[in-house]
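This is what each chain is made of:
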Amino acid sequence: MIHFVLSISRQGKVRLTKWYSPYTQRERSKVIQELSGMILTRGPKLCNIVEWRGFKVVYRRYAGLYFCMCVNQEDNELEILEIIQYFVETLNRYFGSVCELDLIFHFHQTYYILDEILIAGELQESSKTTVHRLIDAQDSLVEAAKEKENTVSYIIAQVAS
């Protein structure tokens with residue numbers, strides 16, 4: 001089971017967090033501080049798996065971002081690396097070539113993509129085409145809602161009520 005997902009920039013700024021296990025706000029801050037210090041100081045030729053508090057943290061660096069997932073000791077590390085790769089490939093398809101600014105300015109879409117892939121710390125959908133189809137459908141719904149809001153009759157109805 002995946003306990004949490006973190007995306008950290010090379011400067012140590014957190015760009016994405018998703019918690020699947022209960023942590024208090026204080027514990028979350030401490031976890032982020034510990035792991036960012038541990039992962040950012042590791043050399044590039046070292047293993048992408050870190051033992052931490054009885055868990056394994058599997059991470060991978062893409063450009064200026066580290067994508068990290070904390071899993072149980074008995075979970076398969078290679079599967080988690082594949083999930084990270086799958087998530088980043090999906091982000092790349094959606095944003096073109098994903099960068100730190102995409103995660104900052106389009107965080108709603110980023111979380112939506114993550115929620116299509118993982119639910120409750122488990123892989124939900126492994127089919128890339130299915131996830132891409134669902135993301136495109138969500139974007140169509142958002143665009144339709146925006147168009148409806150901009151119509152004159154909708155604006156008049158909102159003012160009249």
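Structure: see above.
Okay, so let's go over this structure. Bear in mind that the values here come from a model prediction, so they are computed numbers and not experimental data. (Residues numbered from 1 in each chain as written. Predicted model: local features only at pLDDT ≥ 70, side-chain atom pairs only at ≥ 80, totals over all residues. Heavy atoms only, no water.)

A few words on the environment of alanine 144. Of note, alanine 144 is situated in helix H5 (residues 128-149). The exposure class assigned to alanine 144 is partly exposed, which follows from its relative accessible area of 42%. Remark: the alpha-carbon pair of alanine 144 and histidine 132, spanning 12 residues in sequence, is separated by 18 Å. (Helix = DSSP H or I, 4+ residues; strand = E, 2+ residues; numbered from the N terminus. Buried < 20%, exposed > 50% of the residue type's maximum accessible area, 1.4 Å probe, protein only.)

Right, let's get into the sheet that holds strand E5 (residues 65-72). Strand order in the open sheet formed by 5 strands is E2-E1-E5-E4-E3, with antiparallel pairing between adjacent strands. At either end of the open sheet lies a strand with only one pairing partner, and these are strand E2 (14-19) and strand E3 (49-52). Strand-to-strand twist in this sheet, taken as the mean axis angle between neighbours without regard to direction, amounts to 20 degrees. Judged from the 8 bridges that link them, strand E4 (residues 55-62) and E5 form a sheet pairing that is antiparallel. For tyrosine 59, the partnering residue across the bridge sits in E5 and is cysteine 68. Each of strand E1 (2-9), E2, E3, E4 and E5 touches helix H1 (residues 25-40); the most contacted strand, E1, lies at about 60 degrees to it. Of the strands in this sheet, E1 and E2 touch helix H4 (residues 107-117), which is tilted by about 35 degrees from E2. (Pairing = 2+ DSSP bridges. Axes fitted to C-alpha atoms, helices over the stretch in contact; angles between N-to-C directions. Contact = heavy atoms within 4.5 Å.)

Bear in mind that shape data such as this cannot, by itself, settle questions of function.
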